[in-house]
Amino acid sequence: MIRNATKLGFVVAAGALLLAGAAADARPRLTGEEQLAKLLDGRVAGKPVNCINLPNVQSSRVIDKTAIVYGSGSTLYVQRPKSGASSLNSDDILVTQLVSSQLCNIDVVQLRDRNGLFWRGFVSLDQFVPYSRPAKVALAD
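The rules we used
- The written sequence of each chain sets the order in which its residues are numbered from 1.
- Per-residue local features are limited, in this predicted model, to residues with pLDDT of at least 70; the limit for side-chain atom pairs, both in listing and counting, is 80 or more; totals at the level of whole chains, interfaces and linings are taken over all residues.
- Based on all heavy atoms of the structure, the side-chain values leave hydrogens and waters out of the count.
- Pairing between two strands is assigned when DSSP locates at least 2 bridges connecting them.
- Counting from the N terminus, the helices are the DSSP runs of H or I reaching at least four residues and the strands are the DSSP runs of E reaching at least two.
- Working rule for contacts: check all heavy atoms of both residues, and any pair within 4.5 Å makes them a contact.
- Angles run from 0 to 180 degrees between N-to-C directions of axes, and those axes are lines fitted to C-alpha atoms, restricted for helices to the stretch in contact.
- Across the chain, each position has a pLDDT score giving the predictor's confidence in that residue, from 0 to 100.
- We call a set of buried Ala, Val, Leu, Ile, Met, Phe, Trp, Tyr and Cys residues a nonpolar core when their side-chain atoms join them within 4.5 Å.
- Note on exposure labels: buried denotes an accessible area under 20% of the residue type's maximum, exposed denotes more than 50%, and partly exposed covers the range between, all computed with a 1.4 Å probe on protein chains only.
- The directions considered for the arc are those from the helix axis to the C-beta atoms.

Participant: Quick question: what am I supposed to make of the sheet that holds strand β5 (residues 75-79) here?
Facilitator: In sheet architecture, strand pairing relies on hydrogen bonds along the backbone and comes in two forms, parallel and antiparallel. In spatial order, the strands read β1-β10-β5-β4-β3; together these five strands make up an open sheet with antiparallel pairing. With partners counted over all chains shown, the strands left at the sheet margins are β1 (44-45) and β3 (59-63), one partner each. In this sheet, strand β10 (residues 128-132) lies alongside β5 in antiparallel orientation, the contact comprising four bridges. Residue Val 78 lies in a different strand from β10, and its bridge partner there is Val 129. In the packing of helix α2 (residues 32-40) onto the sheet, the strands contacted are β3, β4 (67-72), β5 and β10, and the crossing angle to β3 comes to about 145°.

Dropping the structure here:
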């Protein structure tokens with residue numbers, strides 16, 4: 001009898017944990033545009049450029065179905081592909097074949113599945129829009 005009560009207690013506890021996990025995941029997930037707006041909050045767009053220097057890029061982030069964001073120093077370069085943006089998935093690996101140290105708006109980026117490394121598609125790049133924080137203005141006394 002005690003053994004069955006212990007099993008029942010375990011099943012009830014496991015169910016409660018599952019319900020708590022489901023409730024935590026129930027919060028609304030941000031759309032790609034909302035994620036990008038949150039990432040760029042407080043930044044100002046600069047003049048679009050055709051290429052970025054890859055040796056200066058420290059990070060890249062895929063925003064689902066929206067954009068690729070490359071971090072270079074304090075500047076974020078937003079790449080909204082000309083075509084294929086709807087294929088962007090934050091779980092994908094970006095594969096680029098370059099002939100120089102620059103990633104340019106004429107390049108194509110392949111999308112690979114992170115788990116199986118199989119080909120998922122590609123995006124054709126457009127101009128990169130730099131976003132940086134505005135300079136702080138010193139207040140006059």
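Participant: Honestly, the confidence of the model for the protein chain in this entry has me stumped. Any pointers?
Facilitator: Reading predicted coordinates in detail is not appropriate for stretches of low pLDDT. Mean pLDDT over the protein chain: 84, with 79% of residues reaching 70 or higher. This model gives residues 5-20 a pLDDT under 50, and the stretch forms zero contacts once residues within four places in sequence are excluded.

Participant: What is the right way to read the nonpolar core from this model?
Facilitator: Soluble globular proteins tend to bury their nonpolar side chains together. Counting residues in each nonpolar core, the largest one holds 14 residues, and the members touching the most others are Ile 52, Tyr 70, Leu 88, Leu 103, Val 123, Leu 125 and Phe 128. Broken down by secondary-structure element, the contributors of at least two residues to this core are β4 and β8 (108-113). In contact with Leu 125, not counting residues within four places along its chain, are Gln 79, Pro 81, Lys 82, Leu 103, Cys 104, Asn 105, Asp 107 and Val 109.

Participant: Looking at this structure, I do not really get the side chain of Thr 66. What am I missing?
Facilitator: Summarising the element assignment, Thr 66 is placed in the loop between β3 and β4. Apart from the residues within four sequence positions on either side, Thr 66 is in contact with Gly 32, Glu 33, Leu 36, Arg 80, Pro 81, Ala 85 and Leu 88.

Participant: What's the story with α2 in this structure? I'm lost.
Facilitator: An α-helical turn contains 3.6 residues, so any two residues separated by three or four positions project in the same direction. Along α2, the residues that are buried comprise Gly 32, Gln 35, Leu 36 and Leu 40. Taken around the axis of α2, the buried residues stretch over an arc of 125°, which confines them to a single face. Those residues of α2 that are buried lie in contact with β3, β4, β5 and β10. Once α2 ends, the next one or two residues include Gly 42, with phi positive near 85°.

Participant: Would you take a moment to explain the pairing of β5 for this structure?
Facilitator: On any regular strand, side chains alternate: one points to one face of the sheet, the next to the other face. β5 sits mainly inside the fold: five of its five residues count as buried. With burial as the criterion, each face of β5 is covered, one bearing Thr 75, Tyr 77 and Gln 79 and the other bearing Leu 76 and Val 78. Remark: two residues form the turn of the hairpin made by β4 and β5, two consecutive strands paired antiparallel; Gly 73 in that turn has positive phi of roughly 65°.

Participant: So what exactly am I meant to see when it comes to the environment of Gly 32 here?
Facilitator: With respect to the helices, strands and loops of the structure, Gly 32 is situated in helix α2. Of the residues examined, Gly 32 reaches a relative accessible area of 12% and is grouped as buried.

Participant: When you look at the environment of Asn 89 in this model, what are you seeing that I'm missing?
Facilitator: Relative to the assigned elements, Asn 89 resides in the loop between β5 and β6 (92-96). In the structure, Asn 89 is positioned 23 residues away from Arg 112 in sequence and 9.7 Å away in space, judged by C-alpha atoms.

Participant: What is the right way to look at the sheet that holds strand β9 (residues 119-124) in this model?
Facilitator: With antiparallel pairing, the three strands of this open sheet are ordered in space as β6-β8-β9. Each of the sheet's edge strands pairs with one partner strand only, and the pair in question is β6 and β9. When strand polarity is set aside, the average angle formed by the axes of neighbouring strands in this sheet is 30°. Across five bridges, the pairing between β6 and β8 is antiparallel.

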